[in-house]
Amino acid sequence: MPDLDTNVDVPGDRLRVLAEGDGPPILLVHSAIVDLRSWDAVVPPLVAAGYRVIRYDTRGYGNSTAEDVDFSNRADLIAVLDGVGAGHAAVVGNSRDAMIALDTVLESPDRFVAFVWVGGGIGGFDGGATPEEITLYEEGDALEGAGDADGLADLDIRAWVDGIGQPSTRVPTAIREAVREMDRPLVEPGRVFGKPIPLATVANERLSEIRMPTLAVVGELDSSGTRASAARLADTVPGARLISIPDVAHLIGMEVPDRLAALIVEFLAPLPRWS
């Protein structure tokens, strides 16, 4: 099957979609501070392992458009699968988009064969925060209120790339600057992302409904709330597995792409082939 670089039309907007490789489809959904380029280093090993890897920019991110309209992130995700002819997929979501993937798995379980949650959250679940984290989040609120996009991008890198309380030298400069390039336009005052329609019943109240193979992956340097969410998912979804990676923060696919790809391949290997 040929590689694709295309656009998928959704109500009111257009989503940029890439599909590479041939084999059972895997859909990758990016974090809220980056775009589909954050998966650049994860894609090649998945393609080499015999999978068709699909990724897209969500509304308002990267090369996708966004109008100030009501929309469903879950319907967008399904539209991407339909747009590239994938009847079923394994879905991998990071950060905010792990929450979107989780909600979509609950709303449309027949479209997915497996779910990999990477450093995300759970709708309706509050994993708490340390005093240091609360101070940082309050600083972010103040920067947003002041319209300080440069300050917000710096804070995002400190919190989600370096890891809260970690030195700025922990992660290679190239990764920090790649995130800054993707994130800086997203925090510009007035950036439009549309108006997402939430899942009717929050995911936290429905986790036990999930019946597909589920893997939670979290970095040990991630926020306390993210680590609590990983434990909650693993404890509540029947048969779910939890893997915690030392010395890694929130953007696992950028910090240790080969490790994440290997975990995904190992997790999916026992499943019957799908399309």
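**Q** Requested: an account of the overall build of the chain, with residues and values cited.
**A** A tally of regular secondary structure across the chain gives 9 helices and 10 strands. Split into buried and exposed, the 275 residues of the chain put 55% on the buried side. Taking the contacts inside the chain whose residues are at least 6 apart along the sequence as the reference set, 75% of them involve residues at least 24 apart. In the form shown here, the chain has an accessible surface area of approximately 11,300 Å², with 52% of it arising from carbon and sulfur atoms. Put simply, the chain has 23 plus and 43 minus side-chain charges, and the middle of one group is 4 Å from the middle of the other.

**Q** Now, about the packing of aromatic side chains: what can you tell me, with residues and values included?
**A** Tallied over the full model, the rule gives 3 aromatic pairs. Ring centres of Tyr 61 and Phe 193 lie 5.2 Å apart, and the angle between their planes is 45°; this geometry places the pair in the tilted category. With Tyr 61 in the loop between β4 (52–56) and β5 (70–71) and Phe 193 in the loop between α6 (173–183) and β8 (195–196), this residue pair connects regions lying 132 residues apart in the sequence. Cation over ring: Arg 273 sits above Tyr 51, and NZ or CZ is 5.9 Å from the ring centre.

**Q** Residue-level account of the sheet that holds strand β9 (residues 214–219), with values.
**A** Read from one edge of the open sheet, 8 strands run β1-β2-β4-β3-β6-β7-β9-β10, paired in mixed fashion. Of all the strands in the sheet, the pair left with one neighbour each is β1 (4–10) and β10 (241–245). Neighbour-to-neighbour, the strand axes of the sheet open up by a mean angle of 20°, direction not taken into account. When β9 meets β10, the two strands line up parallel, connected through 5 bridges. When the bridges of β10 are listed, Ala 216 appears paired with Leu 242. The sheet contacts of helix α7 (residues 224–236) involve β7 (112–118), β9 and β10, and relative to β9 the element is tilted by about 160°. In the packing of helix α9 (residues 257–268) onto the sheet, the strands contacted are β3 (25–29), β6 (89–94), β7, β9 and β10, and the crossing angle to β7 comes to about 150°.

**Q** Go over the environment of Trp 274, please, and point to the residues and values.
**A** Summarising the element assignment, Trp 274 is placed in the segment after α9. On the basis of relative accessibility, which here comes to 9%, the residue Trp 274 falls in the buried class. Sequence separation between Trp 274 and His 88 is 186 residues, and the spatial gap between their C-alpha atoms is 6.7 Å. If we ignore the near neighbours within four places in the chain, the residues touching Trp 274 are Pro 24, Pro 25, Tyr 51, His 88, Ala 89, Ala 90, Val 113 and Leu 268. Here Pro 25 takes part through its backbone oxygen, which lies 2.9 Å from a polar atom of the side chain of Trp 274.

**Q** An account of the pattern of salt bridges is requested, with residue identities and associated values reported.
**A** Enumeration over the complete set of coordinates arrives at 18 salt bridges. Taking the shortest distance from any N to any O, the salt bridge between Glu 209 and Arg 206 comes out at 3.0 Å. Its relative accessible area of 43% is what places Glu 209 among the partly exposed residues. Linked through salt bridges whose partners overlap, the residues forming this network are Asp 13, Arg 59 and Asp 76.

**Q** Mind laying out the side chain of Asp 76, listing which residues take part and the relevant values?
**A** Relative to the elements of secondary structure, Asp 76 occurs in helix α2 (residues 73–83). By relative accessible area, Asp 76 is classed as buried at 3%. Look past the residues within four positions of Asp 76 in its chain and what remains in contact with it is Val 10, Leu 15, Arg 59 and Phe 71.

**Q** Account for unusual backbone geometry, with residues named and values stated.
**A** In the Ramachandran plot, Ser 95 falls in the positive-phi region, its phi being about 60° despite a non-glycine side chain. If you trace the backbone, Ser 95 turns up in the loop between β6 and α3 (96–107). Residue classification places Ser 95 among the buried residues on the basis of a relative accessible area of 12%. Positive phi values are uncommon outside glycine, yet Asp 247 reaches one of about 60°.

**Q** Account for α2, naming residues and giving values.
**A** Most of α2 is tucked away, with 8 of its 11 residues classed as buried. When α2 is considered as a whole, its buried residues turn out to be Asn 73, Arg 74, Asp 76, Leu 77, Ile 78, Ala 79, Val 80 and Leu 81. Its side-chain oxygen placed 3.1 Å from the backbone nitrogen of Arg 74, Ser 72 serves as the N-cap of α2. Of the residues one or two after α2, Gly 85 is the one with positive phi, at around 75°.

**Q** Tell me what's going on with the packing of helix α5 (residues 149–163) against α6, and back it up with residues and numbers.
**A** Running from N to C, α5 and α6 cross one another at 130°; their axes reach a closest spacing of 10 Å. When the interaxial angle is binned, α5 and α6 end up oblique. With respect to the hand of their crossing, α5 and α6 are arranged in right-handed fashion. Judged by residue contacts, Leu 152, Ala 153, Asp 154, Asp 156, Ile 157, Val 161 and Asp 162 of α5 engage Ile 175, Arg 176, Val 179, Arg 180 and Asp 183 from α6. Of the residues in the contact of α5 with α6, the class split is 6 nonpolar, no polar and 6 charged.

Analysis parameters
- Residues numbered from 1 in each chain as written.
- Predicted model: local features only at pLDDT ≥ 70, side-chain atom pairs only at ≥ 80, totals over all residues.
- Heavy atoms only, no water.
- Helix = DSSP H or I, 4+ residues; strand = E, 2+ residues; numbered from the N terminus.
- Buried < 20%, exposed > 50% of the residue type's maximum accessible area, 1.4 Å probe, protein only.
- Contact = heavy atoms within 4.5 Å.
- Areas by Shrake-Rupley, 256 points an atom, 1.4 Å probe, with all protein chains shown as cover.
- Lys, Arg positive; Asp, Glu negative; His and termini not counted.
- Charge placed at Lys NZ, Arg CZ, Asp CG, Glu CD.
- Phe/Tyr/Trp six-rings, centres within 6.5 Å; stacked < 30°, edge-to-face > 60°.
- Lys NZ or Arg CZ within 6 Å of the ring centre and 35° of its normal.
- Pairing = 2+ DSSP bridges.
- Axes fitted to C-alpha atoms, helices over the stretch in contact; angles between N-to-C directions.
- Polar contact = N/O pair within 3.5 Å; in protein donor to acceptor, adjacent residues only side chain to side chain.
- Salt bridge = Lys/Arg side-chain N within 4 Å of Asp/Glu carboxyl O.
- Parallel < 35°, antiparallel > 145°, perpendicular 65-115°, else oblique.
- Left-handed = near helix turned anticlockwise from the far one by under 90°.
- Nonpolar A, V, L, I, M, F, W, Y, C, P; charged D, E, K, R; others polar.

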